[in-house]
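Next come the chains, spelled out residue by residue.
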Amino acid sequence: MFRSLWPLAMLAAVLAAATTLSTTLARAHEIVGNRFFPATLAIDDPGVNDEVALPTVSISKTGDVPSFKQLDVSGEFAKRITEDFGVSFAPTWSRLYAPGGSNLTGARGFQNLETTLKYRLFKSPEHEFVLSAGLEIEWGGSGAQNVGAERFTVYTPTIYFGKGFGDLPTSMNWARPFAITGQVGYAIPGVSKITSATFDPDTGEAAIDTEFNPRVLNWGATLQYSMPYLKSAVADLGLPDFVNRLIPIVEASFQTPVSNTATSGTVTTGTINPGIIYAGNTYQVAIEAMIPVNRQSGTSVGVIAQLHFFLDDIFPNTLGRPIFANNISTGRPAFGR
Amino acid sequence: MRIIVTTIAVMFATAGSVFAHAHLDHAAPKVGSTVAQSPKEVVLWFTEKLEPAFSSIDVRNEQGAAVNSGKATLIGDRTQLRVPLKTLPPGTYKVIWRVLSVDTHRTQGDFTFRVGQ
């Protein structure tokens, strides 16, 4: 009996390790002066807004040994409480396909629910700069253990920023459509270690295993070139409307265990994602390749795609407004807010 | 999958008239262009209808002095904003726009054009 359970135990262990090091799929969009920061897929952007990402679909091969093909289907609903403060909820459903020739049968189920509280700290329309701070919470025990969802909660305080280069001198007009965004977060597991009794089927001996849950630095950035910005703020080249709505982008997302790493190791994992975003008036569509940076990050190039709706534009007077909104009734509005 | 499709369908079925942020679609003179003669006006075309009381255009020369000869007014189907200009000598001019769309979204932006060679 124990022998028959051994492969499942191994599967659960590698999935748990993968999930601990995984990052979130995300999220918001933001307008700062001339600049439209689109929702990005590998990292969260600094925006606080009302929006729905539904669905985000990714297919990749994990860095586990053996490697599993993993399908993730996720969604996210983000809601502003005030103009600068919002909350989002993001469930993810995973399907893991067992490698061929193994008696591992794979698994399916929901990952732990993720909630993010985010506050916009600073916004400069003139310099196309925005800075936000947030707390991401992965609720332990809310997902299925057979896809690696942990029983403990993970808290990740995070800083987000975005900077457009529209304030460069006109002699560098070619560079003004560029923008960068980034995030740095520190994931703190609610439980520092998990101790369990195991039975080794080969030796017949029982043993006590301790798994330490590392604290992980989640960091990443994007580099994007905005064709909408080129047309509306630099030079209208008369390109087709479809081209004028494209934003070529490269995202990078990394996870580095930095403490309590006795059993996890300290290898940085992550992916670099070149892709493209099409920005409509009320939605955007994005697709990116996911290139693992090392063997521990994956064994082949994956794909991620997302359909994303701007609720503030679709439901401007109801669902797309902050719950506590500033009313525009008299006087000139404070532009850029 | 059916849940996802149904959710999206319900979202749009209940959305009614969809508005959005007003983004600059195009302009005359064109963004970043050079025109041989002084234009008589700047006209901006936006992606959404605008509220006139909260929508403006300022045109400034390289010294930062205003060169528009009047206030911006809405024309056409309320997606076009027009401002008259003084006679402009050769140089680079900055167009600064601030608008409020009819669904109360505020946006702003700027671009330059040149007069002369």
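Since this is a predicted model, take the numbers as computed values, not measurements.

A.B. asks: Mind laying out the overall build of chain A, listing which residues take part and the relevant values?
C.D. replies: Each helix and strand in chain A was counted, giving 4 helices and 18 strands. Counting contacts in chain A only where the partners sit at least 6 residues apart, residues at least 24 apart contribute 62% of the total.

A.B. asks: I'd like a rundown of the overall build of chain B, residues and numbers included.
C.D. replies: Of the regular secondary structure elements, chain B holds 1 helix and 8 strands. In chain B, the order of α-helices and β-strands from amino to carboxyl end is α-β-β-β-β-β-β-β-β. Within the span of chain B, comprising 117 residues, buried residues form 32% of the whole. For chain B, long-range pairs separated by at least 24 residues make up 60% of all intrachain contacts whose partners lie at least 6 apart in sequence.

A.B. asks: Now, about the sheet that holds strand β5 (residues 73-75) of chain B: what can you tell me, with residues and values included?
C.D. replies: Residues and elements named next belong to chain B. Strand order across the open sheet formed by 4 strands is β1-β3-β6-β5, with antiparallel pairing between neighbours. Across the chains shown, the open sheet's two edge strands, defined by having one partner strand only, are β1 (24-28) and β5. With strand direction ignored, the average angle separating the axes of adjacent strands in the sheet is 25°. Taken together, the 3 bridges between β5 and strand β6 (residues 80-84) define a ladder with antiparallel strand orientation. By the bridge assignment for β6, Leu 74 is matched with Leu 81.

A.B. asks: Tell me what's going on with the nonpolar core, and back it up with residues and numbers.
C.D. replies: Counting residues in each nonpolar core, the largest one holds 43 residues, and the members touching the most others are Leu44(B), Ile57(B) and Leu81(B). Excluding residues within four positions of it along the chain, Ile57(B) makes contact with Val42(B), Leu44(B), Asn68(B), Ala72(B), Leu81(B), Val83(B), Val95(B) and Trp97(B). Judged by nonpolar contacts, the second largest core, of 8 residues, contains Ala39(A), Ala53(A), Phe309(A) and Phe310(A).

A.B. asks: Kindly report on the confidence of the model for chain B, identifying the contributing residues and their values.
C.D. replies: Here chain B averages 87 in pLDDT, and 83% of its residues register 70 or above. Scored by ipTM, the complex comes to 0.87, with pTM at 0.86.

A.B. asks: Tell me about the sheet that holds strand β2 (residues 34-35) of chain B, residues and numbers included.
C.D. replies: The strand order across the open sheet formed by 4 strands is β2-β8-β7-β4 (chain B), and the pairing between neighbours is mixed. The open sheet terminates on both sides in strands that have one partner only, identified here as β2 and β4 (56-60) of chain B.

A.B. asks: Any details on helix α2 (residues 227-234) of chain A? Residues and values, ideally.
C.D. replies: With 7 of 8 residues buried, α2(A) lies mostly within the body of the structure. Within α2(A), the full set of buried residues consists of Met227(A), Tyr229(A), Leu230(A), Lys231(A), Ser232(A), Ala233(A) and Val234(A). Buried-residue contacts for α2(A) involve β2 (35-37), α3 (241-244) and β15 (246-259) of chain A together with β1 and β8 (106-115) of chain B.

A.B. asks: How would you sum up the environment of Pro274(A)? Please name residues and give values.
C.D. replies: Residue and element names in this part refer to chain A. Position of Pro 274 among the secondary structure elements: in strand β16 (residues 269-279). Residues Pro 274 and Met 290, 16 residues apart in the sequence, show an inter-C-alpha distance of 7.4 Å. Once residues lying within four places of it in the same chain are set aside, the contact partners of Pro 274 are Val 250, Glu 288 and Ala 289.

A.B. asks: Which residues make up the pairing of strand β18 (residues 300-310) of chain A, and what values do they have?
C.D. replies: Residue and element names in this part refer to chain A. Sheet topology places strand β3 (residues 51-61) next to β18; 8 bridges connect them, and they run antiparallel. Bridge pairing links Ile 59 to Val 303 in β18. Both strand β17 (residues 283-292) and β18 contribute to a ladder of 8 bridges, which runs antiparallel. By the bridge assignment for β18, Gln 284 is matched with His 308.

Basis of the calculations
- Residues numbered from 1 in each chain as written.
- Chains lettered and ligands numbered in written order.
- Predicted model: local features only at pLDDT ≥ 70, side-chain atom pairs only at ≥ 80, totals over all residues.
- Helix = DSSP H or I, 4+ residues; strand = E, 2+ residues; numbered from the N terminus.
- Contact = placed C-beta atoms within 7 Å.
- Buried ≥ 20, exposed ≤ 12 C-beta atoms within 10 Å, placed from the backbone.
- Pairing = 2+ DSSP bridges.
- Axes fitted to C-alpha atoms, helices over the stretch in contact; angles between N-to-C directions.
- Core = buried A, V, L, I, M, F, W, Y, C linked by C-beta atoms within 7 Å.
- pLDDT = per-residue confidence, 0-100.

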